[in-house]
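Survey of secondary and tertiary structure
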Amino acid sequence: EAGVVQSPRYKIIEKKQPVAFWCNPISGHNTLYWYLQNLGQGPELLIRYENEEAVDDSQLPKDRFSAERLKGVDSTLKIQPAELGDSAVYLCASSRRAGEQFFGPGTRLTVL
Amino acid sequence: AQTVTQSQPEMSVQEAETVTLSCTYDTSESDYYLFWYKQPPSRQMILVIRQEAYKQQNATENRFSVNFQKAAKSFSLKISDSQLGDAAMYFCAYRSNFGGTSYGKLTFGQGTILTVHP
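Residues numbered from 1 in each chain as written. Chains lettered and ligands numbered in written order. Predicted model: local features only at pLDDT ≥ 70, side-chain atom pairs only at ≥ 80, totals over all residues. Heavy atoms only, no water.

**Some remarks on the overall build of chain B**
Applicable threshold: In DSSP terms, a helix is any run of H or I states spanning at least four residues, a strand is any run of E spanning at least two, and both are numbered starting from the N terminus. Note that the radius of gyration is over C-alpha atoms, with the globule rule given as 2.2 Å times the number of residues to the power 0.38. Exposure categories follow from relative accessible area, calculated using a 1.4 Å probe and restricted to protein chains: below 20% of the type maximum is buried, above 50% is exposed, and the middle band is partly exposed. When charges are counted, Lys and Arg are positive and Asp and Glu negative, with His and the chain ends excluded. For charged residues, the charge sits on one atom: NZ in Lys, CZ in Arg, CG in Asp, CD in Glu.
From N to C terminus, chain B includes 0 helices and 12 strands. Scaling as 2.2 N^0.38, a compact globule of 118 residues should have a C-alpha radius of gyration of about 13 Å, and chain B matches this with 14 Å. The C-alpha extent of chain B, read off along each of the three principal axes, is 45 × 30 × 20 Å. Put simply, chain B has 118 residues, and 47% of those count as buried. Positive and negative charge centroids in chain B, built from 10 and 10 side chains respectively, lie 6 Å apart.

Below, the structure is given as structure tokens:
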């Protein structure tokens, strides 16, 4: 069984530029999560999808962050414009509804 | 809101020895799960062990076991016969079993860096 796939693994951009992260969950997993992990800290949930529906986006900074999960499979997380404080690791995870969450390798974003 | 606290930023252990990582949490709920995740430098978060709050018996997975004290809201991880491959950041996490928008959400502690000396 293939795991959660994320791309890119690393991204370096200048502040005020846009950036997008992509996640492909494990086949059959209807729940998808995006987490933000700052250096030396635990991940924090940004948004959770049940199929195509964002059921918990209370921690997503909606002024600059957006996410979509078209067709209830792949998901994209976007930041526009990026700020220096957005430098972090962005983790994607998937599960069957409220089952064990499987994590991807993450995307490390550096904003210069 | 639930909180998870790991008071040990760093721990070290000699290979083949035993080490215990501490975790406390705060919740008013009675139905929940607790987890320990391992995150090596590759960043891949891996589930080590889980405990359901309603189960009194402490969970065990090979060399990994937990000491779950529900009344004290304590959930420690014991690693026996430590191996070099155990070196990683370890996170304690909480997940509510109640419905609603937070259903399925993991709340993580700050993490403990474990170093294993040969």
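**Re the side chain of Gln6(B)**
Residues and elements named next belong to chain B. Worth spelling out the cut-off: Under the rule applied, a polar contact is a pair of N or O atoms within 3.5 Å (in protein, one hydrogen donor and one hydrogen acceptor; residues adjacent in sequence only if both atoms are side-chain atoms). In what follows, residue pairs with any heavy atoms lying within 4.5 Å of each other are defined as contacts.
Along the polypeptide, Gln6 turns up in the loop between strand 1 (3-5) and strand 2 (10-14). Only 3.0 Å separates the side chain of Gln6 from the backbone oxygen of Tyr90, close enough to count as a polar contact. Excluding its chain neighbours within four sequence positions, the residues that come into contact with Gln6 are Ser22, Cys23, Trp36, Tyr90, Phe91, Cys92, Gly109, Gln110, Gly111 and Thr112.

**Examining the state of the cysteines**
In a disulfide, the sulfur atoms of two cysteines are covalently bonded to one another. For clarity, the cut-off: Cysteine sulfur atoms are paired as a disulfide whenever they come within 2.5 Å of each other.
One pass over the full model with this rule turns up 2 disulfides over all chains. Covalent S-S linkage joins Cys23(A) and Cys92(A), the inter-sulfur distance amounting to 1.9 Å. Sign of the S-S torsion, about -70° for the bond between Cys23(A) and Cys92(A), identifies this disulfide as left-handed. Of this pair, Cys23(A) sits in strand 3 (residues 19-24) while Cys92(A) sits in strand 9 (residues 88-95), and the two are 69 residues apart along the sequence. With its sulfur 2.0 Å from that of its partner, Cys23(B) forms a disulfide with Cys92(B). The sign of the S-S torsion, about -70°, decides the handedness of the disulfide formed by Cys23(B) and Cys92(B): left-handed. Here Cys92(B) lies in strand 10 (residues 88-96) and Cys23(B) lies in the loop between strand 3 (19-21) and strand 4 (24-26), a separation of 69 residues in the sequence. By relative accessible area, Cys23(B) is classed as buried at 2%. Looking at Cys92(B), the relative accessible area reads 0%, which means it is buried.

**A short note on unusual backbone geometry**
Residue Pro8(A) follows Ser7(A) across a cis peptide bond; omega there is -10°. Along the chain, the position of Pro8(A) falls in the loop between strand 1 (5-7) and strand 2 (10-13). In this chain, Gln80(A) is followed by Pro81(A) through a cis amide linkage whose omega measures -5°. Relative to the elements of secondary structure, Pro81(A) occurs in the loop between strand 8 (75-79) and strand 9. For Asn51(A), which is not glycine, the phi dihedral falls at a positive 55°. The topology assignment puts Asn51(A) in the loop between strand 5 (44-50) and strand 6 (53-56). Residues other than glycine seldom take positive phi values, yet Lys73(B) does so here, at roughly 55°. Relative to the helices and strands, Lys73(B) resides in the loop between strand 8 (64-69) and strand 9 (74-79).

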